[in-house]
Amino acid sequence: MSTVARTGILARGCILVTLCLFAGCSRSPLYSDLTETQANEVQAALLLAGIDARKAAMVKTKDWSIEVDRTDIPHAMSVLTAAGLPRQPLRTLGEVFPKDGFVSSPLEERARYVFALSQEIEQTLLQLDGVVDARVHIAMPESNVFDDKPPSASASVVIIEQPGARLEARETDIKAIVTDGVEGLNDINRVTVKFFTRRAADSIGTAAQSGRPNRRPDSREGA
């Protein structure tokens, strides 16, 4: 093989290596410090949207990161915002009530219990198809052993749904889930539910590219 031919091969090889390096450098971490479940959900949503998302294990921790091409970051963020991802892990009753041996006041115990109960119900509502996010606010009056008819508890529920989910049709089911999950809440009419629609991913991306601020999600109160 002539010197000229070898030089041409080496030159093409160097160009190929350079292009590969540039291709690798064009990728950027989108999220890091994710659990494997969070990373899987994020990656699945991005792949379904046609975005080449790659999951990678972080070196010094047991967490995961998601990488995309830099040019895909705006679209990727709009997709994840519309899907409510990555989901923040909710605290369980065991985490809110750790067995640390310390004695809390009745007021503190009550506040922690109501908070933990809200988290548990939110986790249940998040399992419903079409729910992007859920918030539950419980009002639980103090009980009095001398009351023949103690005041009923009440709850306010906020549901963020995907466009087109139409979860208003399941309002009665949502109220029943909350009513059955809260002690002292015996009247389903003491539960109010409001539904909000998360802006679709394509409209979020269009607004971001045009420089217009996103409007607040459409809201409507369940009948």
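Residues numbered from 1 in each chain as written. Predicted model: local features only at pLDDT ≥ 70, side-chain atom pairs only at ≥ 80, totals over all residues. Heavy atoms only, no water.

Re the overall build of the protein
Each helix and strand in the protein was counted, giving 7 helices and 7 strands. Reading the protein from its N terminus to its C terminus gives the helix and strand order α-β-α-β-β-α-α-α-β-β-α-β-α-β. Within the structure as shown, the protein displays about 14600 Å² of accessible surface, and the carbon and sulfur contribution to it stands at 56%. (Helix = DSSP H or I, 4+ residues; strand = E, 2+ residues; numbered from the N terminus. Areas by Shrake-Rupley, 256 points an atom, 1.4 Å probe, with all protein chains shown as cover.)

Remarks on the sheet that holds strand 2 (residues 54–57)
Pairing within the open sheet is antiparallel, and its 3 strands lie in the order 1-3-2. In this open sheet, the two strands that pair with only one neighbour each are strand 1 (27–34) and strand 2. Adjacent strand axes in the sheet meet at a mean angle of 30°, parallel and antiparallel pairs treated alike. Sheet topology places strand 2 next to strand 3 (residues 64–69); 4 bridges connect them, and they run antiparallel. Pairing of Ala56 across the sheet is with Ser65, part of strand 3. (Pairing = 2+ DSSP bridges. Axes fitted to C-alpha atoms, helices over the stretch in contact; angles between N-to-C directions.)

Re the environment of Met77
Its place among the elements puts Met77 in helix 3 (residues 73–83). On the basis of relative accessible area, Met77 is assigned to the partly exposed category, the value being 31%. Sequence separation of Met77 and Leu30 is 47 residues, and the distance between their C-alpha atoms is 8.3 Å. (Buried < 20%, exposed > 50% of the residue type's maximum accessible area, 1.4 Å probe, protein only.)

So, the pattern of salt bridges
Working definition: two side chains of opposite charge can pair if their charged atoms are close together. Here the structure, examined in full by the defined rule, presents 7 salt bridges. With a shortest N-O distance of 3.6 Å, Glu36 and Lys55 are connected by a salt bridge. Residue Glu36 is located in helix 2 (residues 36–48), and its partner Lys55 is located in strand 2; the two are separated by 19 residues in the primary sequence. Asp52 is paired through a salt bridge with Arg54; the nearest N and O atoms lie 3.3 Å apart. (Salt bridge = Lys/Arg side-chain N within 4 Å of Asp/Glu carboxyl O.)

Some points on the packing of helix 2 against helix 3
Following both chains from N to C, one finds helix 2 and helix 3 inclined at 115°, their axes separated by 10 Å at the closest point. Seen from above, helix 2 lies across helix 3 with right-handed handedness. Between helix 2, through Val42, Ala45 and Leu46, and helix 3, the contact on the second element is made entirely by Ala76, Val79 and Leu80. Of the residues in the contact of helix 2 with helix 3, the class split is 6 nonpolar, no polar and no charged. (Left-handed = near helix turned anticlockwise from the far one by under 90°. Contact = heavy atoms within 4.5 Å. Nonpolar A, V, L, I, M, F, W, Y, C, P; charged D, E, K, R; others polar.)

Considerations on the side chain of Arg27
One can find Arg27 in strand 1. A polar atom in the side chain of Arg27 sits 2.8 Å from the backbone oxygen of Asp52. A distance of 2.9 Å separates a polar atom in the side chain of Arg27 from the backbone oxygen of Glu67. When sequence neighbours within four positions are dropped, the list of residues in contact with Arg27 reads Asp52, Ala53, Arg54, Glu67, Val68, Asp69 and Arg70. (Polar contact = N/O pair within 3.5 Å; in protein donor to acceptor, adjacent residues only side chain to side chain.)

Thoughts on the environment of Ser152
Within the secondary structure, Ser152 is located in the loop between strand 4 (131–139) and strand 5 (154–161). A residue is classified by how much of its surface remains accessible, and Ser152, at 25% relative accessible area, is partly exposed. In this structure the C-alpha to C-alpha distance between Ser152 and Met140, which are 12 residues apart in sequence, comes to 7.5 Å.

Side note on the confidence of the model for the protein
Scored by pLDDT, the protein comes out at a mean of 78, with 70% of its residues at no less than 70. Across residues 16–24 the pLDDT falls below 50, and counting only partners more than four positions away or on other chains, this stretch makes 0 contacts in the model. Every residue in residues 206–217 scores below 50 in pLDDT, and together they form 6 contacts with partners more than four places removed in sequence or on other chains. (pLDDT = per-residue confidence, 0-100.)

Remarks on the packing of aromatic side chains
Evaluation of the coordinates by the stated rule reveals 0 aromatic pairs. One Lys or Arg, Lys55, reaches over the ring of Trp64 and ends 4.5 Å from the middle of that ring. (Phe/Tyr/Trp six-rings, centres within 6.5 Å; stacked < 30°, edge-to-face > 60°. Lys NZ or Arg CZ within 6 Å of the ring centre and 35° of its normal.)

Details of the packing of helix 5 (residues 106–125) against helix 6 (residues 171–181)
At their nearest, the axes of helix 5 and helix 6 sit 11 Å apart, and the two run at 150° to each other. When the axis of helix 5 is compared with that of helix 6, the two are roughly antiparallel. For the element pair helix 5 and helix 6, the recorded crossing hand is right-handed. Residues Leu117, Ile121, Thr124 and Leu125 of helix 5 lie in contact with helix 6, whose contacting residues are Ile174, Ile177, Val178 and Gly181. Split into classes, the residues belonging to the contact of helix 5 with helix 6 amount to 6 nonpolar, 2 polar and no charged. (Parallel < 35°, antiparallel > 145°, perpendicular 65-115°, else oblique.)

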